[in-house]
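Below are the chains, spelled out letter by letter.
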Amino acid sequence: MPPSDEIDTPRGPARVDTDLPVRPATALLVLGHGAGGSVDAPDLLAVRDASVAAGLAVVRVTQPYRVAGRRAPAPAAHLDEAWAAVLAVLRVRHADVPVVLVGGRSSGARVACRTARAVGALGVVALAFPLHPPGRPERSRADELATGLPTLVVNGDRDPFGTPEPGRTVQVVSRPGETHDLRRDPAGSAAVVRAWLYAQGWASD
């Protein structure tokens, strides 16, 4: 399959960038981008590199509104619909991979959480999960993390969007000195993800 191509969705074409390990993949990790950002954000690239090195196939998904050149995000329902359509195709493309994991940064993490069970994922990687709008802690989105699936949240301790509390299935790692973009030490954040993947049995040497 090509490293980059498009998948049709009800909301327009989405772009997928695929990176495969040198050996048969132990899991498929599908990652989404932030609201106004791209799949080339430093934390997403670092997580891709660490995950592929750990034996996972990684697909980064660019939502249709970004493929169309818009920066303003589509409504949540549209994001979820497009994401689910992409996951349906990816599950067929990678039918030989035993485990599907979803995740992303910021808005992409929210989409992954909201749809995780519907798309058949077994776990979630949430980078810079935006717990609430800046300065509005009363507008918590913590319920989106309540998927019941193993979930890793990696947030900066200076993130104005807040940091969720850990839960029964939610592990939270607060990265010192990081803000919402997680740009200070992407490799360190990726190492946290890689260690979690190993702990869950979804990675291999």
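Heads up: the structure comes first, above all this text.
One structure accompanies this document, and this report is about it. What you are looking at is a predicted structure, and each value in this text was computed from that prediction instead of being measured. Position labels on residues start from 1 in each chain and follow its written sequence. In keeping with the model being predicted, local features are shown solely for residues with a pLDDT of at least 70 and side-chain atom pairs are shown and tallied solely at 80 or more, while totals for entire chains, interfaces and linings include all residues. Note that the side-chain values use all heavy atoms of the structure and ignore hydrogens as well as water.

The subject of this paragraph is the environment of A146. Structurally, A146 is set in the loop between β6 (123-127) and β7 (151-156). To sort residues, take the accessible area from a 1.4 Å probe on protein chains only and compare it with the maximum for the residue type: under 20% means buried, over 50% means exposed, and anything in between is partly exposed. Overall, A146 belongs to the exposed group, its relative accessible area being 64%. Distance in space between the C-alpha atoms of A146 and A128 is 16 Å, their sequence separation being 18 residues. Comment: elements are numbered from the N terminus, with helices defined as DSSP H or I runs of at least four residues and strands as E runs of at least two.

Moving on to the side chain of S106. Position of S106 among the secondary structure elements: in the loop between β5 (100-105) and α4 (107-115). Looking at S106, the relative accessible area reads 11%, which means it is buried. Aside from chain neighbours lying at most four places away, what touches S106 is G34, L127, A128, P130 and H180. Residue contacts follow a heavy-atom distance rule, with two residues in contact if any of their heavy atoms lie within 4.5 Å.

What follows covers the side chain of D17. Tracing the sequence through the fold places D17 in strand β2 (residues 14-19). Between N or O atoms, a polar contact is any pair within 3.5 Å; within protein, one atom must be a potential hydrogen donor and the other a potential acceptor, and residues adjacent in sequence are included only when both atoms are from side chains. Side-chain polar atoms of D17 contact the side chain of S4, separated by 3.1 Å. Leaving out residues up to four positions away in the same chain, D17 has contacts with P3, S4, V39, V58, V59 and R60.

Strand pairing is assigned whenever DSSP detects at least two bridges linking the two strands. With mixed pairing, eight strands are arranged side by side in an open sheet as β1-β2-β4-β3-β5-β6-β7-β8. Among the strands making up the open sheet, the edge pair consists of β1 (4-7) and β8 (170-175). On average, each strand axis in the sheet is tilted by 20° relative to the strand beside it, whichever way the strands run. Here four bridges tie β1 to β2, and the two strands are oriented antiparallel to one another. Across the sheet, residue S4 finds its bridge partner in β2, namely D17. To obtain an axis, a line is fitted to C-alpha atoms, over the contacting stretch when the element is a helix, and the angle between two such axes runs from 0 to 180 degrees between their N-to-C directions.

Scope: geometric values only; no functional claims are made or implied.
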